[in-house]
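Here is how the chains run, residue by residue.
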Amino acid sequence: MNTERFHINVPKIDKPRVVVIGGGFAGINFIKELKDGPFQVVLLDRHNYHTFQPMLYQVATSGLEADSISEPFRRIFNSYEDFHFRMLKVISIDAKNNEVKTLIGNLKYDYLVIACGTKPNFFGNENIAKHAIPLKSVSNALDLRSKFWQCLEKANMTKSDIHKRATLTFTIVGGGPTGVEVAGALAEMRDHILTKDFPDLDMELIRICIVDSNPKVLKAMSQKSSEDTKRYLEKLNVELLLNNRVEDYDGRTVALESGGTITSETLIWAAGVTANTINGLGENAIEKGRYLVNDQLRLENQINIFAVGDVAFLKTKDYEKGHPCVAQVAIQQGKHLGKNLMAIHHGKVSRPFSYTDKGTMATIGRNKAVVDFPNRLHLKGFFAWIIWGLVHIYYLIGFRNKAIAFYNWAESYMTYDRGTRLIIKPYVPMGEKDAAKFIKQNEIGI
């Protein structure tokens, strides 16, 4: 792209300019606190929409369409005065000159808020990064959905059970909420949908595995939640390979730390994330891969630069290793910083951030969920599943998205069906030569 033809084109006005990098939970909740306030707000993001990331697995497993968990920034903020969005990637930060550098030029700021979240962490393994499918974006979710249905169509035409099993083995790395939610959704599709869609396919050949280096699933939740989840997954015939680690993956063979292997053409990566840090602020600004901030969410040794959400590292007595990378932390930090910035502008005292833990939850499928509330209150089963659904609908942005999600879940609950079983964008497109080789290797036949 010829970048000389473009410019950021943000009008200069008398108001202080607040530049926000990233439109995740932290960024949009921060901006909402500044509505029609004394600032010009400029949001920079590589995408033109906000994604409700806890629901990505629903898109990946055909439960929801991508647009029902996403909302364009311009629609969210179209009634806000002095709000501007630019679909740009920030290359670096020049704190000395109060500028952010993008591909098409620099942008001045009076205040800078870094809220660019996290990205998948493959721990330096290039093979895994090349062949695995993470679940951090809408594109990832659509890739996984296409790959899943392509595997089923391929297996339905494969003669050899050995090749079928490799195609129908889905390995999930990571036993956290994302991992168990994907595994549960795939297992329920196998039991209630695929038997009707693929009557000629032996469902016994479908294998769903979770590999985790920890001795239990949902390690961040209570022991009760972990044990209940383990029972739910085992009841769904999901294999749990705990106290194990994936060391390598070449697109077909999963090499385990224990020395064993899994022949699997699909590896879903839900094992870890790392912060999306930006060049320019130096190594001293970062601790444990995230921006070190004080209790005002301000970067150390900076006056007008803040970080919120997953990219921020705030050490407190209760969170010596930093706050967890979950939506509630990002939402609360975004709102808190917005209120503080308004207070600073009006000459008032800003308040230190204090996180209120409202609980954690995960769903494993129909009528199967676990919820940990503060004060050691634990719920499981149907009521936990209802709470999980209501909370997630509540936090979806836009009435349309809430209505669509509720309708889809209600229909799925009554019919045991999932409506979005489409391969819109093939994950592995082939030319004629590749297809001929593929058919020969996998013993494909009508």
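Cut-offs applied
Residues numbered from 1 in each chain as written. Predicted model: local features only at pLDDT ≥ 70, side-chain atom pairs only at ≥ 80, totals over all residues. Heavy atoms only, no water. Pairing = 2+ DSSP bridges. Helix = DSSP H or I, 4+ residues; strand = E, 2+ residues; numbered from the N terminus. Phe/Tyr/Trp six-rings, centres within 6.5 Å; stacked < 30°, edge-to-face > 60°. Buried < 20%, exposed > 50% of the residue type's maximum accessible area, 1.4 Å probe, protein only. Axes fitted to C-alpha atoms, helices over the stretch in contact; angles between N-to-C directions. Contact = heavy atoms within 4.5 Å. Expected span 1.5 Å × (residues − 1).

## Re the pairing of strand 7 (residues 99-102)
Two faces, one strand: in a regular strand the side chains alternate between the faces of the sheet.
Step number 1: Bridge count for strand 6 (residues 90-94) against strand 7 is four bridges, and the pairing is antiparallel. By the bridge assignment for strand 7, Val 90 is matched with Thr 102.
Step number 2: Between the end of strand 6 and the start of strand 7, which pair antiparallel, lie four residues, with Asn 98 showing a positive phi angle near 55°.
Step number 3: Taken together, the four bridges between strand 7 and strand 8 (residues 105-108) define a ladder with antiparallel strand orientation. The partner of Val 100 across the bridge, within strand 8, is Leu 107.
Step number 4: Two successive antiparallel strands, strand 7 and strand 8, enclose a turn made up of two residues.

## Looking at the sheet that holds strand 23 (residues 312-313)
Step number 1: Ordered by their spatial adjacency, three strands build an open sheet running 20-21-23, and the pairing between neighbours is mixed. The open sheet is flanked by strand 20 (286-287) and strand 23, the only strands paired with a single partner.
Step number 2: Examined bridge by bridge, strand 21 (residues 290-292) and strand 23 share two bridges and lie parallel to one another. The residue of strand 23 that forms the bridge with Tyr 291 is Ala 312.

## A closer look at the packing of aromatic side chains
Step number 1: Applying the stated rule across the entire model yields 16 aromatic pairs.
Step number 2: Both rings, one in Phe 73 and one in Phe 85, keep their centres 5.2 Å apart while their planes meet at 45°; by these two values the pair is tilted. Taken together, the positions of Phe 73 in helix 3 (residues 73-76) and Phe 85 in strand 5 (residues 83-87) put the pair 12 residues apart, joining distant regions of the chain. The exposure classification of Phe 73 matches that of Phe 85, with both residues buried.
Step number 3: For the ring pair Tyr 394 and Tyr 395, a centre distance of 5.0 Å and an interplane angle of 85° mean the geometry is edge-to-face.

## What about the sheet that holds strand 24 (residues 360-365)?
Step number 1: Overall, antiparallel pairing links the three strands, which are arranged 24-25-26 in an open sheet. Each edge of the open sheet carries a strand with a single partner, namely strand 24 and strand 26 (377-380). Ignoring strand direction, the axes of neighbouring strands in this sheet form an average angle of 10°.
Step number 2: Of the pairings in the sheet, the one linking strand 25 (residues 368-373) to strand 26 comprises four bridges and is antiparallel in character. Each bridged residue has a counterpart across the sheet, and for Val 371 the counterpart in strand 26 is Leu 379.
Step number 3: Against the sheet, helix 7 (residues 177-192) engages strand 24 and strand 25, with an angle of about 20° to strand 24.

## Observations concerning unusual backbone geometry
Step number 1: Not every positive phi belongs to a glycine, and Leu 297 is a case in point at roughly 70°.
Step number 2: Examined against the element boundaries, Leu 297 turns out to sit in the loop between strand 21 and strand 22 (305-307).

## Some thoughts on helix 5 (residues 138-156)
Every α-helical turn comprises 3.6 residues, leaving residues that sit three or four positions apart pointing alike.
Step number 1: For helix 5, built from 19 residues, the straight-helix expectation of 27 Å at 1.5 Å per residue is met to within 8% by its first-to-last C-alpha distance of 27 Å.
Step number 2: Extensive coverage of helix 5 is indicated by the burial of 14 of its 19 residues.

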